[in-house]
Every structure is written in C-alpha cells, then in structure tokens.
Amino acid sequence: MKEIKRQIQLLFLTISLMFVSSCYQDDFLKDELLSNNSVDFLYSSSDGIANAVVGLYSLNREPYQRDWFNGAIPMILQAKSDISAGFDGEISLFSNCFWGCGLDGDYGTEAAYGYLWGHNYKIIDITNNIIIGGEALIEGGDTSDMLMKNVAEAKVFRAHSYFTLYRLFNNIYLKTEPTNPDTAFDRPSAASSKEDIFDLIRKDLQFASENLLYTTTEFGRWNKGAVDHLRAKVEMWDENYSLAAEIVDEILTEGPYSLVSSEEVFAGELTHTETLFAVNFEKSTIGGGAWHQMSWQAIAHYSAEPGMKQSVQNGGDGFGFISLNPYAADLLNENPSDKRIGNYYIFEYLYNDPKTLPAGKSIGEPLDLYDRDGEDFFLYYKRQSPGILKFFDSNVEPTDRMHFKNVMVYRLAETYLIGAEAHLEAGNSGKALEYLNKIRSRSGVANATTVSIENIFEERARELAFEGQRWYSLKRKGLLYDYLIDHMNSPLLNEYYAIAHVNPVEVYQPFMVNLPIPQGVLDLLGAGYPQNEGYNN
C-alpha cells in the first residue's frame, strides 16, 4: 500500500514538474527538469523549493504563449471590456457575446473559461505544496533569506490566483492543503465565503510584503512594490479606501519607483523604474519565454492595402482582430498633444511601398480610405483602426507575427490612479487630483481642475487600455454592465454582429459580470456546487 501511495505521489510530482525549471538563480526560468527532483527534494529542501518557485513563473507565463484561438487567451478580458472593438478572429467572438456569455455548449465558456479556472487552480495546488514544505523548514529553524523569499513568492502566486478566480467567477472554493492520494478525489460542494477568501489573500500578501525587497536582480520576479500594489487592489475591491490610499502612499514615498517618459514606458524590455511586475519573454535571455501573438491581433491589417508593407514604423505584422473602440479612441483624441498616441497606440499607418503605391498617394502619407462611421466601417476596423503598441517587439522582423516582448502586468501609473480613486473615496480630493494629474502631465495634456470617479476612469482608459485591468476595475466599481451597454464595441459593429450571430447589447445581462462556471468544471465538483446566478435560468 505504501508503494502504491508512493507511485501516486510521483505521478503528482511528474505533473508538477512539467512547470519546474532546472535552476533557480543562474538559470532563472530555464525550462528543463532537474534529474534530482524527487518528492523529498522538491518540497522538503530549500534548494528544491527554490526550483519549484521558478517553475511557478514558467506556469504563470503559459496563458500568454498558448496558441489556442490564435493566441487569444490573454486578450479575452480586453475583448469583453468597454474600450475595445473585436471584429475578426476568435477574439471577436468574445466581444460580440457569441462565445463566453452562457452555457449550453458555449465553446468559449467550456474551453477558454475552463482553461482559466484550471490554470489558476493548478498554480494554487503547486503553491500549497511549496508553502507547506517551506513552512515546515521554517519551523525547523531555517529562516534564511532565500527560503523566506521563495515562500513569499509562492504566497503571492497563491493570493494572485485566488484574487483572479474570485474576480472572474465569484463562486470559488478555497483549498490550502496539497493534493495527495488521500485528497485527490475530494469534490467540494460549496463555494467559500468572500470573507474567507479575502482573509487568505491578505495573509499571503502581508507575509510577502514583509519578506520581499522593493528591488530584485532577476527581472520578472515578484517584489515588494508589486505585492503592495496588489494589496491596494484587494483593499479597493473591499472598499477599504483609506487603507488602500495608505498602501499607495507608502509605495510612492518609500519605493524606488518613478514614472518614466511616455516614450520609454513600452520601449525595449520594460526594465525601467515604472515597471512593478512583468512577464518575461525576452528572446535568448535567461528567463525568457516562447513567443506570443498579442501584437499581431491588435495591429490593423494595413499591409493588405496597396502602397503599404509591414514595417517597424507601422507596428510590424498585424492581422486586425481587435482595436480600441470609438469611445476609447475619442477619449485620446480629445487632446491632440497626448503623447500616448504614437507610443502606446498607433493611430496612423503610413504609405511606405513605392512599388504598389496607388495613384494620387505619397510615401509617408497616412492611410485614410475608410470611414469609421460610414458604410465601409468594417474595412476601417480591419485595415485602418488604432493599433496597440504595448506588445510590439521591434527586434523581430516586421513580417513576423511571433513576438518576444515582455508583457507589462502592473506598473506605477496604475498605482497613481488607484491612489487617486482611493483618496477621492476617502475624502481627500486634493491628493486625488494630484495623483490624477501626475499621469496627465506625463502624457503632455493639461492638468484636470476637478477630480471625479468619471474622469479617473476616463484616464484609466487612456493610460491602461489593453493591459488587462479595465474589466476588473469596472466590475469592482459596479460600472461594468452600464459602461458596456453604453459603448461596447461600436453601434455599427454591434448591428453587424447580429447578421451572423447576435447583437451583444441585446444579449448582455447584469448577471454576466460574473463569468459562467463551465459545465465541465461543475461536473468535476461536488453535487450542488453553485453556478453563478442567472446562468441556470
């Protein structure tokens, strides 16, 4: 019997080791297996725990490099937000509510949301092993900086996964013990309370904040600034605005971070003082990942036009699946001097191919053939719409859809905007206005003279579009449904969707701010596990 249990343990270990790399310092995130990785070594020694933590970073990167739906997985929440327009490819099916708005064989729900559920619980299960093993070593007297740091990073991953799951699905369950032969087939039948979920998240993040430094020599690892930024987001979700404001103020006054110029934010590999946490993809470097296709989806297919060829100046290779919608583009165009245009977003694609240049056009002249609000609106979106430069890797060939650009997750600009909202809600409008104007002035636009939730969220749209935070923030504030109904996609696109699928404005309902739990997931849970309200009606 012991041998059978041992074999099952090794099976679980083998699954875990798919995401564990060969060394933890000199070969940070290099994806190979250690020959001496065993059950005993991996979770009962300081070196083993260090290796297991490195594996978490590889696993965390997986959604960005996954090729499902033409690489759409990391773009799903952008597609479902109020500032995007999806018009082609698989990602547009999430924009138009054909996928991901229900059950009954909804492939987007079963495949994509099922992946997000399973991916985060996979991280949680591995972190549970690391944390239990690490805490046993700590209780045994090993309080070395390396062990404390690695346990802290594991706790951040667990907290981050639970926070993500809660914000996506609402009805989730807590599990803090490692999966073992005795618990492998346990099936939870009830969702955990918000209080219990947030209590665990706070404890994990507090431990990490106390045991991580503000800086790290290994780009892409968690640090105290990123953890405290996440702590502020948690408190905002729970409407603890004064505490969130305190956390933000401490990051800004005690941390070594600062805003960089608009030209620098997304240039190069993001290794600057504004970055708090990024996913490492840089090619041919230790810790780099495989390619992703985020830029290819979010740059217009301008090269389909005569006189246009793929170039670095025009944002490289794009196929035009998703773009800024009119609401977001018009917000940016309110200020013609806004430096984010041309650095974060590309609004003009320039003729650059003399061999195919149409008569009457000049090299360097912007493509301006299609009308966003006219009969040719679809060609506008497909070939001329604003592109997103935040994922563009200028080091690859401009004809290459596979990019190795590091992906920004959290940065100081959002910290300021969290602080602006927190201080406003806590009654300090002066500090809120100061923080809001830090972002506006950096972008070359006039300072605001008043501050409100509306203009803070407008600034979030300009500054943070397509960084994966918009959907969460609107849901937290209770604005998601109203904003989507008011300006999701565009009126012409919504009518166009209805020809082949549905008009999302007519389909979207208030309960859909919680994603449906896939039926395939529910089938693996205990009898009576609750689906989110509205989906069983």
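Up top is the structure these notes are about.
In this report, we go over the structure that sits alongside the text. (Residues numbered from 1 in each chain as written. Predicted model: local features only at pLDDT ≥ 70, side-chain atom pairs only at ≥ 80, totals over all residues. Heavy atoms only, no water.)

What follows is about the environment of Ser429. Following the sequence through the fold, Ser429 ends up in helix α15 (residues 429–442). Assessed through its relative accessible area of 40%, Ser429 is described here as partly exposed. Residues Ser429 and Val451, 22 residues apart in the sequence, show an inter-C-alpha distance of 6.9 Å. Every residue in contact with Ser429, bar those within four places of it in the chain, is listed here: His423, Leu424 and Val451. (Helix = DSSP H or I, 4+ residues; strand = E, 2+ residues; numbered from the N terminus. Buried < 20%, exposed > 50% of the residue type's maximum accessible area, 1.4 Å probe, protein only. Contact = heavy atoms within 4.5 Å.)

Turning to the pattern of salt bridges, a few remarks are in order. On inspection of all chains with the given rule, the structure shows 37 salt bridges. A salt bridge links Arg340 to Glu463; its shortest N-O distance comes to 2.9 Å. Here Arg340, found in the loop between α12 (326–333) and β4 (345–346), pairs with Glu463, found in helix α16 (residues 453–464); they are 123 residues apart in sequence, far enough to count as distant. Each member of the pair, Arg340 as well as Glu463, carries the same accessibility label: buried. Among the ionic pairs, Glu467 bridges to Lys390, the shortest N-O distance being 2.7 Å. Taken as a pair, Glu467 in the loop between α16 and α17 (470–477) and Lys390 in the loop between β5 (387–388) and β6 (407–411) lie far apart in primary sequence, 77 residues in all. (Salt bridge = Lys/Arg side-chain N within 4 Å of Asp/Glu carboxyl O.)

A word on the packing of helix α6 (residues 107–139) against helix α7 (residues 145–169). At a minimum axis separation of 8 Å, α6 and α7 run at an interaxial angle of 150 degrees. Classified by the angle between their axes, α6 and α7 sit roughly antiparallel to one another. Here α6 and α7 pass one another in a crossing that is left-handed. Per-class residue counts for the contact of α6 with α7 are 19 nonpolar, six polar and three charged. (Axes fitted to C-alpha atoms, helices over the stretch in contact; angles between N-to-C directions. Parallel < 35°, antiparallel > 145°, perpendicular 65-115°, else oblique. Left-handed = near helix turned anticlockwise from the far one by under 90°. Nonpolar A, V, L, I, M, F, W, Y, C, P; charged D, E, K, R; others polar.)

Let's shift gears to unusual backbone geometry. Here Asn70, not a glycine, exhibits a phi torsion of approximately 55 degrees, which is positive. Mapped onto the secondary structure, Asn70 falls in the loop between α3 (46–65) and α4 (76–79).

On to the state of the cysteines, then. Per the counting criterion, the structure on display carries one disulfide. Put simply, Cys97 and Cys101 are joined by a disulfide, and their sulfur atoms are 1.9 Å apart. The chirality of the disulfide connecting Cys97 with Cys101 is left-handed, given an S-S dihedral of about -85 degrees. The pair formed by Cys97 and Cys101 is uniform in burial state, with each residue classed as buried. (Disulfide = S-S within 2.5 Å.)

So, about the packing of aromatic side chains. Taken as a whole and assessed by the stated rule, the structure comprises 36 aromatic pairs. With a centroid separation of 6.2 Å and 40 degrees between ring planes, the pair formed by Phe94 and Tyr113 is classed as tilted. With Phe94 in helix α5 (residues 89–95) and Tyr113 in helix α6, this residue pair connects regions lying 19 residues apart in the sequence. Both residues of the pair, Phe94 and Tyr113, count as buried. Members of the aromatic cluster, joined through ring pairs, are Trp68, Phe69, Phe94, Trp99, Tyr107, Tyr113 and Tyr115. Taking NZ or CZ as reference, Arg401 lies 3.7 Å from the ring centre of Trp296, over its face. (Phe/Tyr/Trp six-rings, centres within 6.5 Å; stacked < 30°, edge-to-face > 60°. Lys NZ or Arg CZ within 6 Å of the ring centre and 35° of its normal.)

As far as function goes, none of this settles anything; it's purely spatial.
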